[in-house]
Amino acid sequence: MKRIEFIKTTAAGSLAFLLPLSSIASGTKKLRIAQVGLGMMGTADLKDIASHPAVEVVALCDVDMNKINAVKGTYAGAKIFTDYREMLKSIGGEIDAVVVSTPDHAHAPVALMAMEMNKNVYCQKPLTHYISESRKMEKVAAQKKLVTQMGIQVHSFYDYKLASILIQKGIIGKVKKVIAWSPKVWGYDGPEPEGSDPVPDGLDWNLWLGTAKERPYKKGFYHPGNWRKYLDYGCGTLGDMGVHIFDTPYNALKLGVPLTVKNECRAPNGFGHPEKNHVVYVFPGTPYTAKTLEWVWYDGKSAPELQDELKLPNGETLPDQGAMFISENGQRLLLPHFMQLPKLIINDAYQTIDIKKYDTKGEAGKPTVSYDVEGQKHYHEFVDACLGKAKCSAPFSYSAKLTEVILLGVIAAQFPNKTLNWDGKNARFKETEANKFLEGQYRKF
């Protein structure tokens, strides 16, 4: 079942459940939330969004009853479901917003069905599994004027916002290059497993697979927690950490989509993402960059590759994960990931940043950052936006484009060491053989 057929089917099937009006429209002060996905990230999402005093959790949905049972006692009165389609069809009129915290391959199917039913959506990162889905989600959100937010919580942290202010105020001048890295290994270079194992009690394996192709359950793979490594379900380290670490440079430099992308990695094995990637993007220039911008990403063990542009003063070692902005004149701004403020490096020496000179929006000189509070901001911002009291900082109009950039690097891994040329206007590669990776084949389930 092709992506577009699935979208049409879910849209048609949902039309009968658009009314009655939500609690927002009827004037009450509670935002009625349905949580889909209750793994480690899902339970964290649920806890933080439910910490807002205006939130009422009305439904919990997960394909694994063990996950539901672990949290349902905390949310007494919430209705329980294992199939998001049944949930939306049966109690759609009782829901104002849906939080999607499933594996990547289920993000778009869940979110699109909810949005077609006029539900506001908070969706974990990366926004989608395929570029075609990102573009569709952005389009539907705009057409229906929905409140949307992607789950890149650090987007609302002060240190990341400060880095954007510093770059846009020209603290190092125009940026010619960004190097970003993570040593995580959300890839798999081994063979596809053979045989099958009994499906654990409480898990509906068919629902977990969802629109992905059918394959047998295998212990130690897929569920729980390992799905990011595999092509059919996740987006590798680049999709996991790249979205977080790319976010601030992408936002600060006001980038769009790249002209080219190249991934130096092992040959594709048809099953897992590479355990090690070296991705190079070239972007057209913006007011904050040189004529073009080179963006380099490293992941895997020992990432990043050592080079002069990453050497720190006093022989210090690089933070485990982060990004380095490099200007035309060689000045640099280091942004560790996370819980550290950016560091200015000029002539290979750290320089004191006069924050008050650059941050003129009331947070200048902030001595410490309370990360528990900062993390909740991103969720509470979504709730307040649904209630008409705020605007989201990572709506799908922004996060779909960021996700598209990430997914271009994921696709480039299928063509190692080859430069792919991207036509952003038409959402097509010049290299036609790469276009088959822009969308998936949706299974009926």
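Going by the structure above, here's the rest.
Below is a short write-up of the structure. (Residues numbered from 1 in each chain as written. Predicted model: local features only at pLDDT ≥ 70, side-chain atom pairs only at ≥ 80, totals over all residues. Heavy atoms only, no water.)

Considering the overall build of the protein chain
- In terms of regular secondary structure, the protein chain is built from 12 helices and 16 strands.
- In terms of overall size, the protein chain behaves like a compact globule, its C-alpha atoms giving a radius of gyration of 22 Å where 445 residues would be expected to give roughly 22 Å.
- Seen through its principal axes, the protein chain has C-alpha atoms that stretch 65 × 50 × 40 Å.
- Here the analysis covers contacts within the protein chain between residues at least 6 apart in sequence; of these, 71% occur between residues at least 24 apart.
- Carbon and sulfur atoms make up 53% of the accessible area of the protein chain, which totals about 18500 Å².
- With 55 positive and 48 negative side-chain charges, the protein chain shows a separation of 5 Å between the mean positions of the two kinds. (Helix = DSSP H or I, 4+ residues; strand = E, 2+ residues; numbered from the N terminus. Rg over C-alpha atoms; globule rule 2.2 N^0.38 Å. Contact = heavy atoms within 4.5 Å. Areas by Shrake-Rupley, 256 points an atom, 1.4 Å probe, with all protein chains shown as cover. Lys, Arg positive; Asp, Glu negative; His and termini not counted. Charge placed at Lys NZ, Arg CZ, Asp CG, Glu CD.)

Quick word on the packing of helix α4 (residues 84-91) against helix α5 (residues 104-116)
- Close contact between α4 and α5 brings their axes to 10 Å; oriented N to C, the two are set at 10°. Judged on the interaxial angle alone, α5 and α4 are roughly parallel. Here Tyr84, Arg85, Leu88 and Lys89 of α4 lie close against α5, whose contacting residues are Pro109, Val110, Met113 and Ala114.
- Residues belonging to the contact of α4 with α5 are distributed by class as follows: 6 nonpolar, no polar and 2 charged. (Axes fitted to C-alpha atoms, helices over the stretch in contact; angles between N-to-C directions. Parallel < 35°, antiparallel > 145°, perpendicular 65-115°, else oblique. Nonpolar A, V, L, I, M, F, W, Y, C, P; charged D, E, K, R; others polar.)

Quick look at the packing of aromatic side chains
- Under the criterion given, the structure shown has 25 aromatic pairs.
- A centroid spacing of 5.0 Å and a plane angle of 10° characterise the contact between Trp205 and Trp208, whose relative ring orientation is stacked. Taken together, the residues Trp205 and Trp208, both in helix α8 (residues 205-209) and 3 residues apart, mark about one turn of the helix. Here the two residues Trp205 and Trp208 agree in accessibility, since each one is buried. (Phe/Tyr/Trp six-rings, centres within 6.5 Å; stacked < 30°, edge-to-face > 60°. Buried < 20%, exposed > 50% of the residue type's maximum accessible area, 1.4 Å probe, protein only.)

Some thoughts on the environment of Ile49
- Within the secondary structure layout, Ile49 lies in helix α2 (residues 40-50).
- The exposure class of Ile49 is buried, given its relative accessible area of 0%.
- Linking Ile49 and Trp295, residues 246 residues apart in sequence, is a C-alpha distance of 33 Å.
- With residues up to four places along the chain from it excluded, the contact list for Ile49 reads Ile33, Val55, Val99, Tyr379, Phe382 and Val383.

Considering the packing of helix α9 (residues 236-252) against helix α12 (residues 396-412)
- Two elements in contact, α9 and α12, have axes separated by 10 Å at closest approach and are oriented at 125°. Between α9 and α12, the interaxial angle falls into the category oblique. Crossing angle aside, the handedness with which α9 passes α12 is right-handed. Every residue of α12 that contacts α9 at Leu238, Gly239, Gly242, Val243, Phe246, Asp247, Tyr250 and Asn251 is listed here: Tyr398, Lys401, Leu402, Val405, Ile406, Gly409 and Val410.
- Partitioning the contact of α9 with α12 into residue classes produces 9 nonpolar, 4 polar and 2 charged. (Left-handed = near helix turned anticlockwise from the far one by under 90°.)

Focus: the pattern of salt bridges
- For the structure shown, the criterion picks out 17 salt bridges.
- Close ionic contact of Arg32 with Asp96 constitutes a salt bridge, the shortest N to O distance being 3.1 Å. Of this pair, Arg32 sits in strand β1 (residues 31-36) while Asp96 sits in the loop between α4 and β4 (97-100), placing them 64 residues apart in sequence. Neither Arg32 nor Asp96 differs from the other in exposure class; each is buried.
- In this structure, Asp197 engages Lys218 in a salt bridge whose closest nitrogen and oxygen atoms are separated by 3.8 Å. In this pair, Asp197 is assigned in the loop between β7 (175-182) and α8 and Lys218 in the loop between α8 and α9, connecting sequence segments 21 residues apart.
- With relative accessibility at 26%, the residue Asp197 sits in the partly exposed group.
- Of the residues examined, Lys218 reaches a relative accessible area of 18% and is grouped as buried. (Salt bridge = Lys/Arg side-chain N within 4 Å of Asp/Glu carboxyl O.)

Remarks on the nonpolar core
- Residues Met87, Leu88, Met115, Phe246, Tyr281, Trp295 and Phe325 are the most contacted members of the largest nonpolar core, which totals 91 residues.
- If one sorts the elements of this core by residue count, α12 sits on top with 11 residues.
- The contacts of Tyr281, once residues within four sequence positions are left out, are Leu238, Phe246, Pro258, Thr260, Val261, Leu293, Glu294, Trp295, Val405, Ile406, Leu408 and Gly409. (Core = buried A, V, L, I, M, F, W, Y, C linked by side-chain atoms within 4.5 Å.)

Some words on helix α7 (residues 158-168)
- Across the 11 residues that make up α7, a large majority, 9, are buried.
- Every buried residue of α7 is listed here: Tyr158, Asp159, Tyr160, Leu162, Ala163, Ser164, Ile165, Leu166 and Ile167.

Considering the state of the cysteines
- The full count for this structure, using the stated rule, is 0 disulfides.
- For Cys61, which is in no disulfide, the shortest distance to another cysteine sulfur is to Cys123 and amounts to 14 Å.
- Cys61 sits in the buried class, given a relative accessible area of 3%.
- Of the cysteine sulfurs around Cys123, a residue in no disulfide, the closest is that of Cys235, at 11 Å. (Disulfide = S-S within 2.5 Å.)

Quick look at unusual backbone geometry
- With an omega of -20°, the peptide bond running from Lys125 to Pro126 counts as cis.
- Within the secondary structure layout, Pro126 lies in the loop between β5 (120-124) and α6 (131-144).
- Phi is positive for Ser302, close to 70°, though the residue is something other than glycine.
- By the secondary structure assignment, Ser302 is in the loop between β10 (289-299) and β11 (322-327).
- The phi dihedral of Ala427 falls on the positive side, at around 55°, and the residue is not glycine.
- Looking at where Ala427 falls in the secondary structure, it is placed in the loop between β15 (420-423) and β16 (428-429).

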